[in-house]
Amino acid sequence: MLPAPATGLASFELTMQQRAQDAERQGQLADAAWAWEALSLARPARGDAAAELARLRGVMQSRVTAALAQAQQDRQRGELERAMRGYLTVLSLQSEHRGAAEALRAIERERNERQFLGRFSRQTITRSTRDAAQAQAAPDKTSAPESSNLSEHATLLAAQGDVDSAMALLAPAALAAGADPDLRRLLAQLHCQRARSLPAQPAAAVVAALRECLRLDPTQESAAASLKALGTAPR
């Protein structure tokens, strides 16, 4: 005779444990830690959940320390792009890390200043060699935000807890025809992140956010698992 399917709290435990294990295998340590923490809070008697959470937090702290040190070295060498990626890694593991957030803001200000000065110099040269009409007709390609900048800005906003602003920033470019697939995936991840931040009841908003996540990126297995746990079809 087959065992009865798990229901209620038992089903929640199985879902959270599987989600934590899948997220860690995919390198999504923050998601894995969130799942173990949810399980340990729901079932304090489960010592394995608390132990896994403590282990994972230790791994995350080690990676934060290494990424922060590398980012600081890259910044000192003037390799700002690599430094920004390092600080973003820190925030993906420890979203409340003020040092990484402040460093990103400082680098962004420096980049904006360089971009402005570079654009000002080019405009000055153009005006000295062409007449005003030609200068005004020439398109200024530097004003269009690049996908990488959008991703960095949105990730920084999300890391600071402003997921709605991050989504609003990304949506126009990510939903446009021929959009960068990376922007679309990031927007999907933000919808998943928003779903996790919403209260469990009422479930309609959570379901809507998870479905939008899957619409944008059907490979988001954690969103599909969450919808399944809620007893709702992805559509």
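Scope of this entry: the structure provided in the associated data block. (Residues numbered from 1 in each chain as written. Predicted model: local features only at pLDDT ≥ 70, side-chain atom pairs only at ≥ 80, totals over all residues. Heavy atoms only, no water.)

1. Structural notes on the overall build of the protein
Inference 1: Along the backbone of the protein there are 11 helices and zero strands.
Inference 2: When the helices and strands of the protein are placed in sequence order, the string is α-α-α-α-α-α-α-α-α-α-α.
Inference 3: Out of the 235 residues belonging to the protein, those deemed buried represent 33%.
Inference 4: A separation threshold of at least 6 residues defines the contact pool for the protein, and within that pool the share at least 24 residues apart is 45%.
Inference 5: Accessible surface for the protein amounts to roughly 14000 Å². Of this, 55% is attributable to carbon and sulfur atoms. (Helix = DSSP H or I, 4+ residues; strand = E, 2+ residues; numbered from the N terminus. Buried < 20%, exposed > 50% of the residue type's maximum accessible area, 1.4 Å probe, protein only. Contact = heavy atoms within 4.5 Å. Areas by Shrake-Rupley, 256 points an atom, 1.4 Å probe, with all protein chains shown as cover.)

2. Some words on the state of the cysteines
Inference 1: Under the definition given, this model contains one disulfide.
Inference 2: Note on cysteine connectivity: Cys192 is disulfide-linked to Cys213, with sulfurs 2.2 Å apart. Around the S-S axis, the bridge from Cys192 to Cys213 shows a dihedral of about -75° and counts as left-handed. Here the residue Cys192 occupies a position in helix α9 (residues 181–197), and Cys213 occupies one in helix α10 (residues 204–216), the gap between them amounting to 21 residues.
Inference 3: Take Cys192: its relative accessible area is 3%, and that puts it in the buried class. (Disulfide = S-S within 2.5 Å.)

3. Examining the nonpolar core
If you look at soluble globular proteins, the nonpolar side chains tend to sit buried side by side.
Inference 1: Trp36, Leu56, Tyr87, Leu91 and Leu104 are the most contacted members of the largest nonpolar core, which has 33 residues in total.
Inference 2: For this core, the elements supplying multiple residues, two or more each, are α1 (8–25), α2 (29–42), α3 (47–76), α4 (80–93), α5 (98–129) and α7 (147–159).
Inference 3: Those residues in contact with Trp36, other than ones at most four positions away along the chain, are Gln17, Ala20, Gln21, Ala49, Glu52, Leu53 and Leu56.
Inference 4: Counting residues in hydrophobic clusters, the runner-up holds 24 residues, among them Leu186, Leu187, Ala188 and Val206. (Core = buried A, V, L, I, M, F, W, Y, C linked by side-chain atoms within 4.5 Å.)

4. Here we look at α10
Inference 1: Between its first and last C-alpha atoms α10 spans 18 Å; for 13 residues at 1.5 Å apiece the expected length is 18 Å, and the two agree.
Inference 2: Taken together, the buried positions of α10 are Val206, Val207, Ala209, Leu210, Arg211, Cys213, Leu214 and Leu216.
Inference 3: Where the residues of α10 are buried, they touch α9 and α11 (221–229). (Expected span 1.5 Å × (residues − 1).)

5. A look at α11
Inference 1: Ala223, Ser226 and Leu227 are the residues of α11 that are buried. For α11, the arc enclosing every buried residue in end-on projection is 100°, short of the 170-degree limit, so these residues lie on one face. Within α11, the exposed residues directed more than 90 degrees away from the buried face are Glu221 and Lys228. (Arc of directions from axis to C-beta.)

6. Quick look at the pattern of salt bridges
A side chain of one charge can pair with a side chain of the opposite charge if their charged atoms are brought near each other.
Inference 1: Enumeration according to the criterion identifies 11 salt bridges in this entry.
Inference 2: A salt bridge links Glu24 to Arg55; the shortest N-O distance between them is 2.9 Å. With a gap of 31 residues between them, Glu24 in helix α1 and Arg55 in helix α3 connect regions that are remote in the sequence.
Inference 3: Glu24 gets classed as partly exposed once you look at its relative accessible area, which sits at 27%.
Inference 4: Accessibility expressed as a relative area gives 35% for Arg55, which makes it partly exposed.
Inference 5: Between Glu79 and Arg82 there is a salt bridge, with the nearest N and O atoms lying 3.5 Å from each other.
Inference 6: With a relative accessible area of 40%, Arg82 lands in the partly exposed category.
Inference 7: Ionic contacts of the salt-bridge type, sharing partners, join the residues Asp74, Arg77, Glu79 and Arg82 into one network. (Salt bridge = Lys/Arg side-chain N within 4 Å of Asp/Glu carboxyl O.)

7. So, the environment of Arg98
Inference 1: Following the sequence through the fold, Arg98 ends up in helix α5.
Inference 2: Distance from Arg98 to Gln160, taken between C-alpha atoms, is 9.1 Å for residues 62 residues apart in sequence.

8. A short note on the environment of Gln18
Inference 1: With respect to the helices and strands, the residue Gln18 is situated in helix α1.
Inference 2: Taking the C-alpha atoms as reference points, Gln18 and Ala35, 17 residues apart in sequence, are found 8.9 Å from one another.

9. Here's the deal with the packing of helix α8 (residues 163–174) against α9
Inference 1: It is at 9 Å that the axes of α8 and α9 come closest, and there the two elements cross at 150°. Between α8 and α9, the crossing angle belongs to the class labelled roughly antiparallel. Here α8 and α9 pass one another in a crossing that is left-handed. When α8 is examined against α9, the residues Val163, Asp164, Ala166, Met167, Leu170, Ala171, Ala173 and Ala174 are found in contact with a partner set consisting of Leu183, Arg184, Leu186, Leu187, Leu190, His191, Gln193 and Arg194.
Inference 2: Residue composition of the contact of α8 with α9, grouped by class: 11 nonpolar, two polar and three charged. (Axes fitted to C-alpha atoms, helices over the stretch in contact; angles between N-to-C directions. Parallel < 35°, antiparallel > 145°, perpendicular 65-115°, else oblique. Left-handed = near helix turned anticlockwise from the far one by under 90°. Nonpolar A, V, L, I, M, F, W, Y, C, P; charged D, E, K, R; others polar.)

No statement about biological role is implied by the geometric values presented.
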